[in-house]
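Structural characterization, general
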Amino acid sequence: MADSSHGHGHTPAAWTGVIIAFIGFTVAGAFMVMANPIGFWGGMAIVVLGGVVGGVMRAMGLGMPKAQPLKMAEGATATGKKSPAATREPVAAES
């Protein structure tokens, strides 16, 4: 469970989006305490901006690569007659 090889959010797009959203929550919280609704909604706009920036960076290729579909091992069927052996490695690599 401690293995982070799946790269859970360890990308420039994720870090940038989260940092911008955190700044937005901080701004919104400060203005909420000061009873300033315009500043609060400005902070919430910064939160939305963080999501947009993260999405744009992901689209630019700075996010997680899309997962490859699982390939079924030779002889395995999806009908349930045999238990399928799913693998992320090429079928030829199995012995």
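Residues numbered from 1 in each chain as written. Predicted model: local features only at pLDDT ≥ 70, side-chain atom pairs only at ≥ 80, totals over all residues. Heavy atoms only, no water.

**Some details on the overall build of the protein**
Stated precisely, the cut-off is as follows: Each helix is a run of DSSP H or I of at least 4 residues and each strand a run of E of at least 2, with the numbering of both proceeding from the N terminus. Accessible area is worked out with a 1.4 Å probe on protein chains only. A residue is then buried under 20% of its type maximum, exposed over 50%, and partly exposed in between. Between two residues, a contact is recorded if the distance between any of their heavy atoms is within 4.5 Å. All accessibility values rest on the Shrake-Rupley procedure with a 1.4 Å probe; residue burial counts only the protein chains present in the view.
Scanning the protein from N- to C-terminus turns up 2 helices and 2 strands. Reading the helices (α) and strands (β) of the protein from amino to carboxyl end gives α-α-β-β. Counting every position in the protein, which comprises 95 residues, the buried fraction comes to 17%. Across the protein, contacts joining residues at least 24 apart in sequence account for 37% of those joining residues at least 6 apart. With the model as given, the accessible surface of the protein reaches about 7400 Å², and the carbon-plus-sulfur share is 70%.

**Considerations on helix α1 (residues 12-33)**
Rules: A helix is expected to reach a length of 1.5 Å times the quantity of its residues less one. Each direction from the helix axis to a C-beta atom contributes to the arc, which is the arc of those directions.
Taking 1.5 Å of rise per residue, 22 residues should cover 32 Å, and α1 covers 32 Å from first to last C-alpha, within 8% of that figure. Along α1, the positions that sit buried rather than exposed are Ala13, Gly17, Ala21, Gly24 and Ala28. Axial view of α1: buried residues confined to an arc of 55 degrees, hence all on one face. Seen from the buried face of α1, the exposed residues on the opposite side, beyond 90 degrees, are Trp15, Val18, Phe22 and Val33. Positive backbone phi, approximately 55 degrees, marks alanine 35, located one or two places after α1.

**Focus: the confidence of the model for the protein**
Test applied: What pLDDT reports is the predictor's confidence in each residue, on a scale of 0 through 100.
In this model, the protein carries a mean pLDDT of 80, and residues with pLDDT of at least 70 account for 66%. Across the protein, the element-wise mean pLDDT spans from 60 in strand β2 (residues 86-87) up to 96 in α1.

**Examining the packing of aromatic side chains**
Inclusion rule: Each Phe, Tyr or Trp ring (for Trp, its six-membered ring) is paired with any other whose centre lies within 6.5 Å, and the angle between the two planes then decides the class: stacked below 30 degrees, edge-to-face above 60, tilted in between.
All told, the structure shown has 1 aromatic pair when counted by the stated rule. Judged by centre distance (4.9 Å) and plane angle (75 degrees), the ring pair of phenylalanine 40 and tryptophan 41 falls under edge-to-face. Using a relative accessible area of 21% as the deciding quantity, one classes phenylalanine 40 as partly exposed.

**Observations concerning the environment of methionine 57**
The topology assignment puts methionine 57 in helix α2 (residues 37-62). We classify methionine 57 as buried; its relative accessible area is 15%. A sequence separation of 41 residues divides methionine 57 from threonine 16, and the C-alpha atoms of the two residues are 8.7 Å apart.

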